[in-house]
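Close look at the chain arrangement
Spelled out, the chains give:
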Amino acid sequence: AMTMGLELRRAYVNSLATLHDGTLVSALDDGHVQLWRHGRLVKDSIHGSGSGGGVDHVVSFPTAMSNVGADAKADLDVNTNADVGPHFATAGMGRIRIWSADGDAIL
């Protein structure tokens, strides 16, 4: 059963994005960025320094493989390269953050 109503607390969802693996990313008005898989909360991070304010936008990046030509894809090991690099970005509170697929802030 999905538990989203309980984990969201009393915050509004400002933006949603879906990562290439099906993970749902929610950007909340209380500054939290949450990752959901199969209806369960797997990561809850703070976009800013906790000084208040919300996350206005979240956008997912295309996978690194989407920019590689068909001939080159055959030469690459898709499984080892799928989760390398940035996967989504959030914006709010006067800053932009770049995140990994696991919800760790890269920048």
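Rules behind the numbers
Residues numbered from 1 in each chain as written. Predicted model: local features only at pLDDT ≥ 70, side-chain atom pairs only at ≥ 80, totals over all residues. Heavy atoms only, no water. Helix = DSSP H or I, 4+ residues; strand = E, 2+ residues; numbered from the N terminus. Contact = heavy atoms within 4.5 Å. Buried < 20%, exposed > 50% of the residue type's maximum accessible area, 1.4 Å probe, protein only. Pairing = 2+ DSSP bridges. Core = buried A, V, L, I, M, F, W, Y, C linked by side-chain atoms within 4.5 Å. Axes fitted to C-alpha atoms, helices over the stretch in contact; angles between N-to-C directions.

1. Remarks on the environment of L19
- Mapped onto the elements of the fold, L19 is located in the loop between strand 1 (13-18) and strand 2 (24-28).
- Remark: the alpha-carbon pair of L19 and V59, spanning 40 residues in sequence, is separated by 8.9 Å.
- What L19 contacts, discounting residues up to four positions off in sequence, is V25, S60, H87, F88 and A101.

2. What to know about the pairing of strand 3 (residues 32-37)
- Across the 6 residues that make up strand 3, a large majority, 5, are buried.
- As paired elements, strand 2 and strand 3 share 4 bridges and run antiparallel to each other. Counted as the bridge partner of V25 is L35 from strand 3.
- A loop of 3 residues connects strand 2 with strand 3, the two strands running antiparallel in sequence, and G31 in this loop sits at a positive phi of about 95°.
- For strand 3 and strand 4 (residues 40-46), the ladder comprises 6 bridges, and the chain directions are antiparallel.

3. Regarding the nonpolar core
- The biggest cluster of nonpolar side chains holds 10 residues, and these are A17, L19, V25, A27, V33, L35, V55, V58, F88 and W99.
- If you list the elements that add at least two residues to this core, you get strand 2 and strand 3.
- Once you skip the residues sitting within four places of it in the chain, V55 turns out to touch N14, A27, L28, D29, G31, H32, V33, H47, T90, A91 and G92.

4. A few points about unusual backbone geometry
- The backbone of H38 sits at a positive phi, close to 55°, despite the residue not being glycine.
- For M93, which is not glycine, the phi dihedral falls at a positive 55°.
- Within the fold, M93 resides in the loop between strand 6 (88-92) and strand 7 (95-99).
- By relative accessible area, M93 is classed as partly exposed at 29%.

5. Overview of the sheet that holds strand 6
- Taking strand neighbours across the sheet as the criterion, the 3 strands line up as 5-6-7 in an open arrangement whose pairing is antiparallel. Single-partner strands in this sheet number two, and they are strand 5 (57-60) and strand 7. Strand-to-strand twist of the sheet, defined as the mean angle between neighbouring strand axes without regard to direction, takes the value 15°.
- Alignment of strand 5 against strand 6, held across 4 bridges, turns out to be antiparallel. From the neighbouring strand, V58 faces strand 6, where its bridge partner is T90.

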